[in-house]
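# What the coordinates show
Below are the chains, spelled out letter by letter.
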Amino acid sequence: MPLLLLIICLAYFILYALAFSAPPLLHLGGAGYNQEQQKPLQDSLEAWIVAEEEVALDRLLANVQPGGRNTEGKGVVNGTVIASPSKEDPDYWYQWVRDAALTTSTLVDIYTASPSSALSTRLSAILDAYAHLQHTLQHTSNRSGSFSTNLSGLGEPKFHVDGSPFTGPWGRPQHDGPALRAITLMAYLRAYNTSHPSLWGSREGNEWFKLLYEADMPANSVVKADLEYVAQYWNQSGFDLWEEVQGLHFFTAMVQLRALREGADIAVAFGDPGAAEWYTKQAAYLERLVRESFWDEGKGHLVATLDSPRSGLDCAILLGALHGNPSPLSSSSLEATHTPVFPPYSDEVLVTLLAFIQDQRARFPINATPPSSPNGDDDDADTIETPVLSGTALGRYPSDTYNGHTSTPSGGNPWFLCTLTASTLLHRTSTHLASTHSLTITSLSLPFYRFLLASSSLQSHIAPNTTYGDGDAVFHSIVDRLRSVGDEFVRVARAHVDSEGAMSEQFDRRTGFMQGARDLSWSYGAFLGVVRERKRGAVDL
Ligand code: NOJ
Ligand code: NOJ
C-alpha cells in the first residue's frame, strides 16, 4: 500500500514537473513600438494604439518602485505600485493591494509573452521586489488585524508608500486583495518557472520558489498565506472593490474562486495535497454561491452585490468576468480542467453588459449620439435607447456620486478602466467565437446579438436556439462587429486622454475633460489589457 501511494505521488510529481517545464508561450512581440507604421495611417486608430501602448507602459512603470519616475527618491519602498502620483484632492499616494496586484499582473503578462527581452529583465526585478514587499505587508499589523490572528490583517486594503500601515478610518476589510495578489503571483511563478527550465527541483529553485509557495503551516509563503485567507474568509461580508458597501460581491467572489482553483493546482505541484483538497472544497462551495446567487432573474442581469438596494448593474461585473477567468494567453491550465464561470463571452455577462451600456449611455451627456437618421424627429422620450450597440463612455455604476475628488449630487463620471474593460470583453468574445467556430444564440443572449447587428440587414436572420458556424454570414458578421464595437470603446477612451496620452481615473460626464487622480496605474493596465486582447485576435483569425 505505501508503495502504491509513493508511485501515485511520484506520477503526480512528474506530471506537474512536466507541466511546469512546458516550452515558453507564444511570443507576441512584447509591448514595443511598431516602427513600421506607415505615414498615411498616422491618424488611424491602429497607429494611435501603437503609440499609446508605449505611453501607457511608460507611465505605468513611472508609478512602480524600483525605478519609477514618480516614486524614485520619494520614500517609496521597493516593490510598491502607487495607485497614482496624486498626493491631494484626491490623495492616492498609497499602495492599494487591489490596484497593485492588478497593475502587477499587467507586468506579469508582458514578462510571460517575452521573458528574455531586456524589458523583462527589468520587470523580473520589479516582480521579485513586489513579492518580497507583499510578504512584509502580510506580516504588518494594521486596523484589519494581524497575521497571527487568523490572517485577519490580510484584509487591509491599502498601505502607506513606505510600507507602514494606514491608520485612518476606511472601508475595511476588503477580501478581493489577497485573491488578486495570489492570482498575480501564481502567474509569475508559472511564467518564471517556464522561462527557467532547470530551476524546478534545483537548490536555487527551491530558494526562489519558497517565498511564493511552500507547504509549511502556518503559511509563511505569500501565495499560500493569501490562499489560506481566501479559503477562510470567502463567505464573510466585506467592502466591495469601490470601497463603499459591505456584503458579498460578484467581483470579489469571482477572483476568489479563480484564486482557489489555481491555488489547488499550485498546491498539488508543490506536494501539498491536503491544501489542494481544502482549496478545491472551498472552491466548490464558492462556485455554487456564484452560480446560484448573482444572476437576478427578475432584472435579467447579474448583480454586483447580494441583497443590495443598488440596481446591481456595475462595471464590477465586467471586471469580475475578466479577472475571475484566466486569459487564454495565461499559463493557467484551468480552461482545460474546469468549466469557466461567467466568462466574458457567456450569455449572462453579455446581456449584463448590454443593460449597463444602455444605462450609461442615457446617463452621461457626452454619450449623446447625433441623430441616426436625418429626418428622425426624436420627440418621443422612449427613443432615448439607441438601438445600435456602439462605443459608450462607462462609469462604475448608475447611482455613483464620486467625481474623483468628492461626492456630488450631480453624480459620477465615466472611468477609463470601465470603458476599456468593455472593449476587452468584446474583443475576447470575438476571439473566443472565432477560435471555437461556433455560436449558439439562446433566448437569453438574443437581445445582445440583435443590438450588435442592429445596423446590418442580417439582424432579421438571427433566431434564438440556433447554432451558427463558419459557413454562416451571421457568424462572421458577429465576430467582426464584436471587434469593431470593441474598438469603438477604445476610440471613446482616446477622445479623452490629454495631448501626451495620459489617463486619469475619470473624465467629466459633460465636458469630457479628465477628472480625478491623474496617471492612474489601473487605467494604463486596463488599456494594455485591450491591446493584448486585440493582438491575440489578430493572431487567431
Ligand atoms: C474613496 C474611494 O476610494 C472611492 O471608491 C469612493 O467612491 C470615494 N472614496 C467616496 O466614498
Ligand atoms: C477608488 C476605487 O474605487 C478603488 O477601486 C481603487 O482601489 C482606489 N480608488 C485606488 O485607485
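This report concerns the structure included in the present document. (Residues numbered from 1 in each chain as written. Chains lettered and ligands numbered in written order. Predicted model: local features only at pLDDT ≥ 70, side-chain atom pairs only at ≥ 80, totals over all residues. Heavy atoms only, no water.)

In this section: the side chain of Asp-400. Here Asp-400 lies in the loop between α12 (347-363) and α13 (416-436). With relative accessibility at 5%, the residue Asp-400 sits in the buried group. A distance of 2.8 Å separates the side chain of Asp-400 from the side chain of Arg-396, its partner in a polar contact. Contacts of Asp-400, omitting those with residues within four sequence positions, involve Glu-244, Gly-411, Gly-412 and Trp-415. (Helix = DSSP H or I, 4+ residues; strand = E, 2+ residues; numbered from the N terminus. Buried < 20%, exposed > 50% of the residue type's maximum accessible area, 1.4 Å probe, protein only. Polar contact = N/O pair within 3.5 Å; in protein donor to acceptor, adjacent residues only side chain to side chain. Contact = heavy atoms within 4.5 Å.)

Bringing the environment of Ser-44 into the picture now. With respect to the helices and strands, the residue Ser-44 is situated in the loop between α1 (2-20) and α2 (45-61). A polar side-chain atom of Ser-44 sits 3.2 Å from the main-chain amide nitrogen of Ala-47.

Taken together, 13 residues sit near ligand 2, with Tyr-92, Arg-98, Asp-99, Leu-241 and Arg-396 positioned nearest. Note that an oxygen atom of ligand 2 is positioned 3.1 Å from one of the side-chain N or O atoms of Arg-98. The separation between an oxygen atom of ligand 2 and a polar side-chain atom of Arg-396 is 2.8 Å. Coverage of ligand 2 by the protein amounts to 98% of the 290 Å² it exposes when considered alone. Partitioned by chemical class, the residues of the shell around ligand 2 number eight nonpolar, no polar and five charged. Residues from two domains meet in the shell around ligand 2; each of domain 1 (80-296) and domain 2 (307-330 + 338-367 + 386-540) gives at least three. (Near = heavy atom within 4 Å. Areas by Shrake-Rupley, 256 points an atom, 1.4 Å probe, with all protein chains shown as cover. Nonpolar A, V, L, I, M, F, W, Y, C, P; charged D, E, K, R; others polar. Domains from an automatic or database assignment.)

Moving on to the site of ligand 1. With respect to spatial proximity, the complete set of residues near ligand 1 consists of Trp-242, Glu-243, Glu-244, Arg-396 and Tyr-402. Measuring from an oxygen atom of ligand 1, one finds a side-chain N or O atom of Glu-243 at 2.4 Å. Contacts to ligand 1 include Glu-244, whose side-chain N or O atom sits 2.5 Å from an oxygen atom. Considering ligand 1 on its own, with 290 Å² of exposed area, one finds that the protein chains cover 72% of that surface. Tallied by class, residues from the shell around ligand 1 come to two nonpolar, no polar and three charged.

Per the stated rule, a full pass over the model turns up 23 aromatic pairs. A ring pair is formed by Phe-448 and Tyr-449, whose centres lie 5.1 Å apart and whose planes are at 90°; its orientation type is edge-to-face. Overall, the relative accessible area of 0% leaves Phe-448 in the buried class. When its relative accessible area of 1% is taken as the criterion, Tyr-449 is described as buried. Of note, Lys-87 hangs over the ring of Trp-93, and the distance from its end group to the ring centre comes to 4.3 Å. Just above the ring of Phe-166 sits the side chain of Lys-158; from NZ or CZ to the centre is 4.4 Å. (Phe/Tyr/Trp six-rings, centres within 6.5 Å; stacked < 30°, edge-to-face > 60°. Lys NZ or Arg CZ within 6 Å of the ring centre and 35° of its normal.)

Another aspect to go through is the packing of helix α7 (residues 222-233) against helix α8 (residues 250-269). At their nearest, the axes of α7 and α8 sit 10 Å apart, and the two run at 125° to each other. As summarised for this structure, α7 and α8 are arranged oblique, according to the angle between their axes. Relative to α8, the crossing made by α7 is left-handed. Residues Leu-227, Val-230 and Ala-231 of α7 pack against Gln-256, Ala-259, Leu-260 and Gly-263 of α8. Taken together, the residues of the contact of α7 with α8 sort by class into five nonpolar, two polar and no charged. (Axes fitted to C-alpha atoms, helices over the stretch in contact; angles between N-to-C directions. Parallel < 35°, antiparallel > 145°, perpendicular 65-115°, else oblique. Left-handed = near helix turned anticlockwise from the far one by under 90°.)

Honestly, it's all geometry; don't read function into it.
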